[in-house]
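Coordinates in review
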Amino acid sequence: MNRERISIYDSRPGMAIAESIYNEFGAVVIIEGTILDRQTIDRIEGMGVLEIEVVTEKETKSNDSEDLDSRYRQNVKDISDIMNDLREGLALDMQKINKIADTISSGLYSHDDIVGKLSRHVDPDEYINTHSINVSVLAMTLGKWMGCSEDTVRNLILAGLLHDIGKSKIPLEVINKPEGLDPKEFVLIEQHPKYAFEILEDVDGIDNEVLLGILTHHEREDGSGYPLGITSEKINLIGKILAIVDIFDAMTSERHYRKKQSPFEVFKQMQNDSFGRLHPVILNKFVKNMAQSYMGAVASLTNGQRGQIVFINNNKNSKPIININGELVDLSLESGLKIESIVIKNKIL
Ligand SMILES: [Fe+2]
């Protein structure tokens, strides 16, 4: 946890207290993790405490942050160029793809960055390109969480980058259509994994597992997916991983027709709606690890309050316990109360 000592006069509502405040008898008056509101600030000031420790955002030098941003933008542009080339009938630029894969493999972007700060600048018009980078990073991360070999992790990175390139064969007005697609357009969109297979099958340096993973990334365990309608045993590990991270990124990204959703809402929906459709063990691994990475984060709730995530029960990953001004609120017991967004992402180390 990163912390900073600040004057009480510089404190602002929404900041999280990093160190408990005691009274003259040594009793805790404000507990560590409390999110400041106006009343609490006045109370601390009234006690004569002039300096407090607060949680600060991850220590990243602004240069590093700008670097990360500009590298991400460059990678997104590279994907956009690759898609445009394919639209014009040019060959797939594998050199460019491998360069982006090297950047992702170097660990420059973490899953935190994808859901957090990098997503703040994303234009919904760019979704198809940012989504490829995001799915690649998330697939790599999930592969590592699952203990996959280095070769499989590399294949996951490549499969993530290339999984939607079949959309280059579909008219842009259908791809970018903000409202609902008509049945004919749906049928066309559902062909994109096949189109990707056709583009990639003769490309050197693409492993068969990558090809199969891309072909099956919209298939579902129970056979309810597309384009083939095949079941679990015919979907390879890469296809199963892509299916999960593809849905997660789609739901946590800003789109033309709906706002991005908080990761915790998405965990809940994925666990409820995808029962029998996504691989349960892989989904569980993903949700558990993603959720745990939000320990210590400050969340904004649907009732307007803010609090720090202090406990995540593995059986109720989408409903953590939140410390709101020293009071512990268990979201699993509050049916109407949800996490609306993550305000500050901090880990308790
Ligand atoms: Fe897709």
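First things first, this report covers the structure right here in the doc. Not measured: the values here are computed from a predicted model.

Within the protein chain one finds 13 helices and nine strands. The dimensions of the protein chain, computed from C-alpha atoms along their principal axes, are 75 × 40 × 40 Å. Residues counted as buried form 48% of the 349 residues belonging to the protein chain. Here the protein chain displays about 16,900 Å² of accessible surface, and carbon together with sulfur accounts for 48% of that area. Charged side chains in the protein chain number 39 positive and 54 negative. The centres of these two groups are separated by 2 Å.

A word on the nonpolar core. The nonpolar side chains of a soluble globular protein tend to be buried with one another. Counting residues in hydrophobic clusters, the biggest one holds 79 residues, and the most contacted among them are Leu92, Ile133 and Ile309. For this core, the leading source of residues is helix α11 (residues 237–252), giving nine residues. Here this core spans two domains, since at least three of its residues come from each of domain 2 (62–260) and domain 3 (292–344). Ignoring anything within four residues of it in the chain, the contact list for isoleucine 133 reads Tyr72, Asn75, Val76, Ile79, Ile100, Ile104, Tyr109 and Leu161.

Another point: the coordination of the iron ion. Those protein atoms acting as donors to the iron ion are Asp164 (OD), His192 (NE2), His217 (NE2) and His218 (NE2), and they sit at 2.2 to 2.3 Å. Coordination at the iron ion comes from four donor atoms whose angles at the metal span 82 to 172°, giving a geometry best classed as irregular. Donor residues for the iron ion, ordered by position in the chain, follow D-x27-H-x24-H-H. In this pair, histidine 192 is assigned in helix α9 (residues 192–200) and histidine 217 in the loop between α10 (208–215) and α11, connecting sequence segments 25 residues apart. Under the relative-accessibility criterion, histidine 217 is labelled buried at 0%.

Attention now goes to a negative patch on the surface. Together, Glu150, Asp151, Asp207 and Glu209 line one region of the surface with negative charge. Among the residues examined, aspartate 207 registers a relative accessible area of 36% and is labelled partly exposed.

Turning next to empty space enclosed by the protein. Using the criterion set out here, one finds three cavities of 30 Å³ or more in the structure. Of the pockets and cavities examined, the second largest cavity occupies roughly 50 Å³. Lining the second largest cavity are Ser262, Phe264, Glu265, Lys268, Ser318, Lys319, Leu331, Leu337, Lys338 and Ile339. A total of three residues in the lining of the second largest cavity trace back to one element, the largest contributor, which is helix α12 (residues 263–273). Along the lines of polarity and charge, the residues of the lining of the second largest cavity split into four nonpolar, two polar and four charged.

Now for the pairing of strand β8 (residues 327–330). Pairing analysis gives four bridges linking strand β7 (residues 321–324) to β8, with the strands arranged antiparallel. Residue pairing in the sheet places isoleucine 321 in a bridge with aspartate 330 of β8. Hairpin connection, β7 to β8: the antiparallel pair is bridged by two residues, and asparagine 325 has positive phi, about 50°.

All right, on to the pattern of salt bridges then. The final tally for this structure, using the stated rule, is 10 salt bridges. In this structure, glutamate 53 and arginine 5 form a salt bridge, with 3.1 Å as the shortest nitrogen-oxygen distance. With glutamate 53 in strand β4 (residues 51–55) and arginine 5 in strand β1 (residues 3–7), this residue pair connects regions lying 48 residues apart in the sequence. The partner of lysine 77 in a salt bridge is aspartate 81, and the shortest N-O contact between them spans 3.0 Å. Residue lysine 77 and its partner aspartate 81 are located together in helix α2 (residues 62–87), separated by four residues, close to a single helical turn. A network of salt bridges, in which partner residues are shared, links Arg5, Glu51 and Glu53.

Reading the values: rules and limits
- Residues numbered from 1 in each chain as written.
- Predicted model: local features only at pLDDT ≥ 70, side-chain atom pairs only at ≥ 80, totals over all residues.
- Heavy atoms only, no water.
- Helix = DSSP H or I, 4+ residues; strand = E, 2+ residues; numbered from the N terminus.
- Buried < 20%, exposed > 50% of the residue type's maximum accessible area, 1.4 Å probe, protein only.
- Areas by Shrake-Rupley, 256 points an atom, 1.4 Å probe, with all protein chains shown as cover.
- Lys, Arg positive; Asp, Glu negative; His and termini not counted.
- Charge placed at Lys NZ, Arg CZ, Asp CG, Glu CD.
- Core = buried A, V, L, I, M, F, W, Y, C linked by side-chain atoms within 4.5 Å.
- Domains from an automatic or database assignment.
- Contact = heavy atoms within 4.5 Å.
- Donors = N, O, S within 2.8 Å, 3.2 Å for Na, K, Ca; no water.
- Tetrahedral: all angles 85-135°; square planar, octahedral: opposite > 155°, others 65-115°.
- Patch = residues over 30% accessible without salt bridge, like charges linked within 9 Å, V, L, I, M, F, W, Y side chains within 5 Å.
- Salt bridge = Lys/Arg side-chain N within 4 Å of Asp/Glu carboxyl O.
- 1 Å grid on protein atoms, 1.4 Å probe; cavity = no way out; pocket = protein on both sides within 12 Å on 5 of 7 lines; lining within 4 Å.
- Points joined across faces, edges and corners; volume = space filled by probe spheres on them.
- Nonpolar A, V, L, I, M, F, W, Y, C, P; charged D, E, K, R; others polar.
- Pairing = 2+ DSSP bridges.

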